[in-house]
Amino acid sequence: MAAKTGVLVIGASGQIGTELVMGLRAIYGNDNVIASDLKTASTEVLESGPFEQLDVMDRERLNQIVGQYNVGQVYLLAALLSATAEQKVMPAWNLNMYGLFYVLEMAKERIIDKVFWPSSIAVFGPNTPKLNTPQSTITEPTTVYGISKLAGERWCEYYHNRYGVDVRSLRYPGLIGYKSNPGGGTTDYAVDIFHKAVAGTPFECFLSENTRLPMMYMPDAIRATIGIMEAESEKVLLRSSYNISGFDFTPAELANEIRKHIPEFEISYNPDFRQEIADGWPSSIDDSVARQDWNWNNEYSLEMMTKDMLSHLAEKVI
Ligand code: NAD
Ligand code: AKB
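Residues numbered from 1 in each chain as written. Chains lettered and ligands numbered in written order. Predicted model: local features only at pLDDT ≥ 70, side-chain atom pairs only at ≥ 80, totals over all residues. Heavy atoms only, no water.

1. Digging into the site of ligand 1
Next up, step 1: As a structural note, the neighbourhood of ligand 1 is formed by 27 residues, with Gln 15, Asp 37, Asp 55, Tyr 145 and Lys 149 the closest of them.
Next up, step 2: Here a nitrogen atom of ligand 1 and a backbone polar atom of Leu 54 are 3.4 Å apart.
Next up, step 3: Interatomic distance of 2.9 Å between a backbone N/O atom of Leu 175 and an oxygen atom of ligand 1.
Next up, step 4: Compared with its free state, where it exposes 820 Å², ligand 1 has 92% of that area covered by protein.
Next up, step 5: Assessed atom by atom at 2 Å from the grid points, ligand 1 resides in the largest pocket.
Next up, step 6: Residue assignment for the shell around ligand 1 shows that the elements contributing at least two residues are β6 (119-120), α6 (144-163) and β9 (174-176).
Next up, step 7: Looking at the shell around ligand 1 residue by residue, the class counts come to 14 nonpolar, nine polar and four charged. (Near = heavy atom within 4 Å. Polar contact = N/O pair within 3.5 Å; in protein donor to acceptor, adjacent residues only side chain to side chain. Areas by Shrake-Rupley, 256 points an atom, 1.4 Å probe, with all protein chains shown as cover. 1 Å grid on protein atoms, 1.4 Å probe; cavity = no way out; pocket = protein on both sides within 12 Å on 5 of 7 lines; lining within 4 Å. Sits in = over half its atoms within 2 Å of the grid points. Helix = DSSP H or I, 4+ residues; strand = E, 2+ residues; numbered from the N terminus. Nonpolar A, V, L, I, M, F, W, Y, C, P; charged D, E, K, R; others polar.)

Below is the structure:
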């Protein structure tokens, strides 16, 4: 049988997908990486390779695309994130769980070979140790998003142990990138703040000034994602999900970092319902298990990320 050369990204028009598709195309070739989403993709994604409109809940269409492109690997990014999920509880649960089941079932049936599915720091909750949160610790999430991610982790491990499914997963912290806007999370402020800073507009933050959260710059997140998928199977010892970490900061610290480049930048604080979500999450993450098992290493610091974000966004404004 011919090798399955297709790589399908589901949810490719979102914050991560927009950048992951381009990273995968650089490795596997433009024609082999199929972007798919409910909504259309960025110009860069549309112009560089195939795009298919897909609702992951439509199993027939999913099967058809997988067959048509001889898909071996699926990156499943479609989900409702923490803030949106609190407004749309059942739709979030259904998408976040059934999307995963449909893809895991295809892997169980050996229609596809390998699955990437992202978890989140949202699997932790208010009873979890907040500082340097370890890989294995209390996971008692209090949001529908966190509950769906924790259940997803358990199902990934179950499908691996019971059916030999090659599924790999990372608990992403809040991700920051300049190529696309975030899609309804609690960490979104850390992207929005840069757009306001570059536009010369004051920023009103929906989290309080001292809310410390773990974050990561998108290039590191893309490297980690492709890194765990490329790692030898024997090295991926955890088939639930790995902690990964970049850096952590509070809104006030991020504003100060931005002021090193834009001294007149102004920030004010008006916490809303997302504050409670953030208060239940860790402040920093211990990712030593990922470092040990498959050699994960982050590259970007808060300082490097801030400089890079501002220079790329300034180019867009010009
Ligand atoms: P996003 O909201 O920006 O993108 C999700 C994409 O999925 C959107 O383009 C949306 O149109 C698409 N989508 C929604 N419903 C769909 C459906 N039924 N069928 C097909 N596509 C559908 O999210 P993101 O930030 O890119 O996150 C991707 C994944 O990573 C999610 O599972 C999320 O939980 C996880 N994650 C993200 C972060 C982060 O900071 N961005 C952190 C932790 C985990
Ligand atoms: C969110 O805020 O919902 C996401 C996440 C950390 O999972 N960015």
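2. Remarks on the nonpolar core
Next up, step 1: Counting residues in hydrophobic clusters, the biggest one holds 71 residues, and the most contacted among them are Leu 62, Ile 176, Tyr 189, Phe 194, Phe 249, Leu 254 and Met 305.
Next up, step 2: The dominant element in this core, judged by the number of residues it contributes, is helix α5 (residues 89-108), at 10 residues.
Next up, step 3: Each of domain 1 (6-174 + 234-243) and domain 2 (176-215 + 246-317) gives at least three residues to this core.
Next up, step 4: Discounting chain neighbours no more than four positions away, the residues touching Leu 254 are Tyr 189, Ala 190, Ile 193, Phe 194, Phe 249, Leu 302, Met 305 and Thr 306. (Core = buried A, V, L, I, M, F, W, Y, C linked by side-chain atoms within 4.5 Å. Buried < 20%, exposed > 50% of the residue type's maximum accessible area, 1.4 Å probe, protein only. Domains from an automatic or database assignment. Contact = heavy atoms within 4.5 Å.)

3. Re the layout of surface pockets
Next up, step 1: Computed from the structure, the largest pocket encloses a volume of approximately 870 Å³.
Next up, step 2: In terms of lining residues, the largest pocket is bounded by 40 residues, among which Gln 15, Leu 77, Ala 79, Leu 81 and Gly 183 are the most central.
Next up, step 3: Residue assignment for the lining of the largest pocket shows that the elements contributing at least two residues are α4 (82-87), β6, α6 and β9.
Next up, step 4: When its residues are assigned to classes, the lining of the largest pocket shows 20 nonpolar, 15 polar and five charged. (Points joined across faces, edges and corners; volume = space filled by probe spheres on them.)

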